[in-house]
Amino acid sequence: MASSESPTERKKTKSKTPRKPKETVLKQKSPAEFFAENKNIAGFDNPGKSLYTTVRELVENSLDSAESISELPVVEITIEEINKSKFNSMIGLIDCERVDEELYDDYETEKAREKRLAKEARAQEIQAKNAALGKKVKETPASKGIRGRGETSFYRVICKDNGKGMPHDDIPNMFGRVLSGTKYGLKQTRGKFGLGAKMALIWSKMSTGLPIEISSSMRNQSYMSFCRLDIDIHKNIPHVHVHEKRENKEHWHGAEIQVVIEGNWTTYRSKILHYMRQMAVITPYAQFLFKFVSDAPDKNVTIRFSRRTDVMPPVPLETKHHPSSVDLLLIKRLITETSKQNLLQFLQHEFVNISKSYAERLIGEMGPDFSPKMALKSLTPQQLVRIHQLFRQAKFDDPNGHCLSPAGEYNLRLGIIKELHPDMVATYSGSAQVFEGHPFIVEAGVSIGGKNVKQGLNIFRFANRIPLLFEQGADVVTRTALKRINWSSYKINQLQDKIGIFVSIVSTKIPFKGTGKEYIGDDITEIASAVKYSIQQCCSQLKSKIVKKMQAREQQERKRNLNKYIPDATGAVYNVLKDMAETQLHASKKFRYGDDDVELLRKVSENLITKETLSEKLAKHVEQVDYEMALEYATQSGVSEEPRETIYIQPLETDNKIVDLHSPFFVFRMFR
């Protein structure tokens with residue numbers, strides 16, 4: 001049946017209908033897009049922090065690369081300041097002069113300028129008066145130009161190493177695809193997110209739009225790979241500009257990375273230099289060359305952190321999961337990735353500390369629906385939950401720390417001495433312990449005195465052999481040192497002494513807190529107890545040294561006091577002897593003295609014994625008594641001294657020609 005409404009009436013009816021809201025469209029974000037929008041998670045909070053994090057990521061990648069092939073690391077890091085004109089020429093932009101000054105954020109009105117100059121004049125007048133009165137004059141801070149929001153600083157960061165290098169075909173994905181890398185197994189790693197230089201590339205694209213340049217060559221490779229690329233943030237894929245093979249005449253192996261980013265060297269200069277110094281402490285077997293290059297010669301910085309030893313820690317080993325540390329999702333993933341077919345083989349080979357007999361007992365405890373030969377693909381979601389529940393309730397042996405690679409007590413001590421030059425230092429390396437199924441090792445060092453060390457507690461924190469410089473107050477090391485150590489009981493003055501506290505924690509899983517992963521929480525009892533015990537062991541060592549030093553100082557003071565009174569004592573004794581001799585000669589009735597006394601008085605009367613003779617004899621007696629007391633103390637301390645620690649022989653590879661005998665204080669190397 002045809003509609004009786006006219007076209008005009010239909011239009012009127014449609015216009016009166018209320019407008020429908022647009023349908024919600026489901027959108028997705030790539031990992032690169034997520035980290036670009038939440039860059040503070042990866043440590044790129046602001047330009048200054050971004051410069052620091054870029055340097056840190058590149059240095060740590062270089063160390064990992066060199067250590068993976070047992071090569072003593074040589075890392076060169078250069079930060080080149082790029083002024084605005086140079087940056088504009090790099091991107092092909094022509095400098096333009098300002099036309100409308102009032103349009104800019106750094107515009108200063110005439111009234112504001114007069115007010116600022118008047119304030120500076122008053123400050124100079126006050127300083128002149130103080131100088132005339134002889135008072136201490138504070139230096140006038142340099143007049144800072146008004147910096148607008150739009151004025152930025154750019155830096156080229158270059159990092160070169162002698163590491164493993166990268167396969168030619170893998171370079172684009174290693175730098176241009178977020179959450180792709182070689183550090184995602186269960187092992188001790190330096191990285192926090194697995195982003196590495198990828199986040200620096202994202203920040204470069206956001207702040208400058210310039211690509212990253214990578215040069216790389218592997219051992220015994222005749223060519224060098226060169227790649228210039230940026231990243232498609234929305235698709236999380238690399239956008240390659242140049243990817244070619246070049247001649248490698250010098251047979252160099254390693255990687256060189258160049259990236260241009262926005263940054264702030266002025267505010268983060270001290271943080272970057274502190275990071276390099278602390279990295280030199282924890283890796284004394286590495287050689288670092290740091291340069292800051294600027295058009296202003298007075299801003300240039302060149303620091304070389306020399307290698308102090310060639311003893312490197314072992315390479316961290318990838319390990320299997322401990323049953324008590326897995327969750328339901330991880331169990332499902334392991335089942336998907338395993339090559340084992342039945343449940344018995346899966347339990348026995350995919351987890352640590354589950355033997356065949358223990359796996360059979362676990363399967364028997366799971367219930368009648370389980371059997372050792374049942375196929376993994378036949379497991380139902382309910383059965384997976386049952387496996388997970390049993391893993392949480394059953395007893396398992398703790399994992400050992402063989403997969404971990406601590407810095408070593410020898411390297412830690414050497415690094416502290418190399419960089420701080422303390423008066424005293426003590427180190428301690430604990431045995432492997434466990435939290436939530438993950439092994440961890442705590443190493444600690446405590447030093448007294450040294451250069452560039454402030455009075456009080458100076459805390460240096462390391463996690464998986466990387467320095468932690470931010471959010472120190474909430475860290476387990478800081479809270480332990482401040483609240484749980486009674487420093488006075490170890491003869492250490494917490495406020496006046498220059499105390500350096502070094503704590504390094506290595507684990508397959510560092511329990512970082514906060515979005516930036518800059519500190520380790522104080523809520524894990526096992527780690528807090530291990531940190532406290534390690535610091536106390538160092539303090540006990542220092543106490544014995546401090547006590548010995550105090551006793552030696554008291555002995556010197558006692559000797560000094562005795563020597564000070566020798567002239568007065570000899571004068572008094574000589575006068576008494578002289579009076580006795582005169583009385584003996586003139587008395588009508590002789591006093592009864594022994595033969596030795598008579599002989600002594602005769603020598604005094606005949607000046608064979610003088611005041612100088614007595615003084616010399618008394619000084620020799622003080623020296624003899626002091627020597628006997630020192631010998632007695634050394635004998636007693638030698639008897640009561642604890643035995644030296646055992647020396648361990650490292651397992652050798654077939655091509656090694658040396659044997660290292662390790663001790664906390666030295667490494668003795670024997671050549672075959």
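None of the values given here were measured: they were computed from a predicted structure.

Engineer: What's the story with the overall build of the chain in this structure? I'm lost.
Structural biologist: On a plain count of helices and strands, the chain comes out with 17 helices and 19 strands. A total of 672 residues make up the chain; the buried ones form 42% of that total. Contacts spanning at least 24 positions in sequence make up 73% of the contacts within the chain whose residues lie at least 6 apart. Surface accessibility of the chain: about 39,500 Å² in total, with carbon and sulfur atoms responsible for 51%.

Engineer: Looking at this structure, I do not really get the side chain of Glu 33. What am I missing?
Structural biologist: Among the structural elements, Glu 33 can be located in helix 2 (residues 31-37). Among buried Asp, Glu, Lys and Arg side chains, Glu 33 stands out as unpaired, with Lys 29 the closest opposite charge at 5.8 Å. Each residue touching Glu 33, except ones within four places of it in the same chain, is listed here: Gln 28, Ile 233 and His 234.

Engineer: Mind showing me how you'd approach helix 11 (residues 356-366) here?
Structural biologist: Note: α-helices contain 3.6 residues per turn, so residues at a spacing of three or four share the same orientation. Considered for burial, the residues of helix 11 that qualify are Ala 359, Leu 362, Ile 363 and Met 366. Down the axis, helix 11 shows its buried residues gathered within 100° of arc, on one side only. The outward face of helix 11, more than 90 degrees from its buried face, is lined by the exposed residues Arg 361, Gly 364 and Glu 365. Taken from the residues just after helix 11, Gly 367 is the one with a positive phi, measuring 130°.

Engineer: Hey, could you run me through the pairing of strand 2 (residues 153-160) in this one?
Structural biologist: On a regular strand, each side chain points to the face opposite its neighbour's, so the side chains alternate between the two faces of the sheet. Along strand 2, seven of the eight residues are buried, which leaves the element largely enclosed by surrounding structure. Pairing geometry for strand 2 and strand 6 (residues 254-263), over eight bridges, is antiparallel. Directly across from Tyr 155, in strand 6, lies its bridge partner Ile 261.

Engineer: Help me understand the nonpolar core, please; the structure alone is not making it clear to me.
Structural biologist: As a rule of thumb, soluble globular proteins bury nonpolar side chains together. Of all hydrophobic cores here, the largest spans 66 residues; its most connected members are Ile 79, Phe 175, Trp 265, Phe 288 and Phe 290. Ranked by the residues each element gives to this core, the list is headed by helix 8 (residues 265-282), at ten residues.

Engineer: When you look at the packing of helix 8 against helix 13 (residues 409-420) in this model, what are you seeing that I'm missing?
Structural biologist: Two packed helices can be described by the angle between their axes and the distance between those axes. Running from N to C, helix 8 and helix 13 point in directions that differ by 140°, and their axes come no closer than 7 Å. With respect to helix 13, the element helix 8 is oriented oblique. Together, Arg 277, Ala 280, Val 281 and Ile 282 of helix 8 and Asn 411, Leu 412, Gly 415, Ile 416, Lys 418, Glu 419 and Leu 420 of helix 13 make up the contact between the two elements. For the contact of helix 8 with helix 13, a count of residues per class yields six nonpolar, two polar and three charged.

Engineer: Which parts of the structure should I look at to understand the pattern of salt bridges?
Structural biologist: Pairing is possible between side chains that carry opposite charge, provided their charged atoms lie close to one another. On inspection of all chains with the given rule, the structure shows 23 salt bridges. Here Lys 29 and Glu 37 are joined by a salt bridge, their closest N and O atoms 2.3 Å apart. A residue is classified by how much of its surface remains accessible, and Lys 29, at 53% relative accessible area, is exposed. Residue classification places Glu 37 among the partly exposed residues on the basis of a relative accessible area of 44%. Here Glu 616 and Lys 620 are joined by a salt bridge, their closest N and O atoms 3.7 Å apart. A residue pair is termed a helical-turn pair when its members lie 3 or 4 positions apart in one helix, as Glu 616 and Lys 620 do in helix 17 (residues 611-640) at four residues. Judged by its relative accessible area of 47%, Glu 616 falls in the partly exposed class. Overall, the relative accessible area of 53% leaves Lys 620 in the exposed class.

Engineer: What's the story with helix 10 (residues 343-350) in this structure? I'm lost.
Structural biologist: Here helix 10 has its buried residues at Leu 343, Leu 344, Phe 346, Leu 347 and Glu 350. Its side-chain oxygen at 3.3 Å from the backbone nitrogen of Leu 344, Asn 342 defines the N-terminal cap of helix 10.

Engineer: What should I look at first to understand the sheet that holds strand 8 (residues 301-305) in this one?
Structural biologist: Sheet strands pair by backbone hydrogen bonding; their relative direction is either parallel or antiparallel. Read across the open sheet, the eight strands follow the order 5-4-3-6-2-1-7-8; overall the sheet is mixed. Single-partner strands in this sheet number two, and they are strand 5 (237-247) and strand 8. Between one strand and the next, the sheet's axes are offset by a mean angle of 15°, whatever the strand orientation. Across seven bridges, the pairing between strand 1 (residues 74-82) and strand 2 is antiparallel. Pairing of Glu 81 across the sheet is with Tyr 155, part of strand 2.

Engineer: Just checking my understanding: could you explain the packing of aromatic side chains for this structure?
Structural biologist: Any aromatic ring pair is given by two values, namely how distant the centres are and how the planes are angled relative to each other. With the rule as written, the count across this model stands at 15 aromatic pairs. A ring pair is formed by Tyr 155 and Phe 292, whose centres lie 6.3 Å apart and whose planes are at 45°; its orientation type is tilted. Here the residue Tyr 155 occupies a position in strand 2, and Phe 292 occupies one in strand 7 (residues 287-293), the gap between them amounting to 137 residues. A relative accessible area of 1% places Phe 292 in the buried class. Between Phe 346 and Phe 351, the aromatic rings sit 5.5 Å apart at their centres with planes inclined by 85°, giving edge-to-face as the arrangement. Both residues of the pair, Phe 346 and Phe 351, count as buried. Each residue in the set Phe 346, Phe 351, Tyr 358, Phe 391 and Phe 396 is aromatic and connected to the rest through ring pairs, giving one cluster. Looking at Lys 49, its charged tip hangs above the ring of Phe 470, at a distance of 4.4 Å from the centre.

Engineer: How should the environment of His 274 be read in this particular structure?
Structural biologist: In this structure, His 274 sits in helix 8. Measuring from C-alpha to C-alpha, the distance between His 274 and Pro 467 comes to 9.1 Å, with 193 residues separating the pair along the chain.

Engineer: How should I be thinking about a nonpolar patch on the surface in this particular structure?
Structural biologist: On the surface, a nonpolar cluster with roughly 240 Å² of combined accessible area is contributed by Met 90, Ile 91 and Leu 93. Mapped onto the elements of the fold, Ile 91 is located in the loop between helix 4 (84-90) and helix 5 (110-132). Overall, Ile 91 belongs to the partly exposed group, its relative accessible area being 37%.

Engineer: Would you explain the confidence of the model for the chain in this entry?
Structural biologist: A low pLDDT score tells you not to read the predicted coordinates there in detail. Considering every residue of the chain, the mean pLDDT works out to 82; 84% of them sit at 70 or more. Averaged pLDDT values for the elements of the chain fall to 48 in strand 17 (residues 648-649) and rise to 95 in strand 7. Confidence drops under pLDDT 50 across residues 638-650; counting only partners more than four residues distant or on other chains, this segment forms 15 contacts.

Engineer: Where do I start with the environment of Asn 162 in this structure?
Structural biologist: Along the chain, Asn 162 turns up in the loop between strand 2 and helix 6 (171-176). As a C-alpha pair, Asn 162 and Trp 252 span 90 residues in sequence and 7.7 Å in three-dimensional space. If we ignore the near neighbours within four places in the chain, the residues touching Asn 162 are Ala 66, Ile 69, Glu 71, Leu 72, Pro 73, Val 74, His 253 and Gly 254. Looking at Asn 162, its side chain comes within polar contact range of the main-chain oxygen of Leu 72, at 3.0 Å. Here Val 74 takes part through its backbone nitrogen, which lies 3.0 Å from a polar atom of the side chain of Asn 162.

Engineer: Just to check I follow, could you spell out the side chain of Ser 30 for this structure?
Structural biologist: Mapped onto the secondary structure, Ser 30 falls in the loop between helix 1 (7-16) and helix 2. On the accessibility criterion, Ser 30 (10% relative accessible area) is buried. Within the local environment of Ser 30, its side chain forms a polar contact with the backbone oxygen of His 234, the two atoms lying 3.4 Å apart. Setting aside anything within four residues of it in sequence, one finds Ser 30 in contact with Ile 233, His 234, Lys 235 and Asn 236.

Parameters at a glance
- Residues numbered from 1 in each chain as written.
- Predicted model: local features only at pLDDT ≥ 70, side-chain atom pairs only at ≥ 80, totals over all residues.
- Heavy atoms only, no water.
- Helix = DSSP H or I, 4+ residues; strand = E, 2+ residues; numbered from the N terminus.
- Buried < 20%, exposed > 50% of the residue type's maximum accessible area, 1.4 Å probe, protein only.
- Contact = heavy atoms within 4.5 Å.
- Areas by Shrake-Rupley, 256 points an atom, 1.4 Å probe, with all protein chains shown as cover.
- Lys, Arg positive; Asp, Glu negative; His and termini not counted.
- Salt bridge = Lys/Arg side-chain N within 4 Å of Asp/Glu carboxyl O.
- Arc of directions from axis to C-beta.
- Pairing = 2+ DSSP bridges.
- Core = buried A, V, L, I, M, F, W, Y, C linked by side-chain atoms within 4.5 Å.
- Axes fitted to C-alpha atoms, helices over the stretch in contact; angles between N-to-C directions.
- Parallel < 35°, antiparallel > 145°, perpendicular 65-115°, else oblique.
- Nonpolar A, V, L, I, M, F, W, Y, C, P; charged D, E, K, R; others polar.
- Polar contact = N/O pair within 3.5 Å; in protein donor to acceptor, adjacent residues only side chain to side chain.
- Phe/Tyr/Trp six-rings, centres within 6.5 Å; stacked < 30°, edge-to-face > 60°.
- Lys NZ or Arg CZ within 6 Å of the ring centre and 35° of its normal.
- Patch = residues over 30% accessible without salt bridge, like charges linked within 9 Å, V, L, I, M, F, W, Y side chains within 5 Å.
- pLDDT = per-residue confidence, 0-100.

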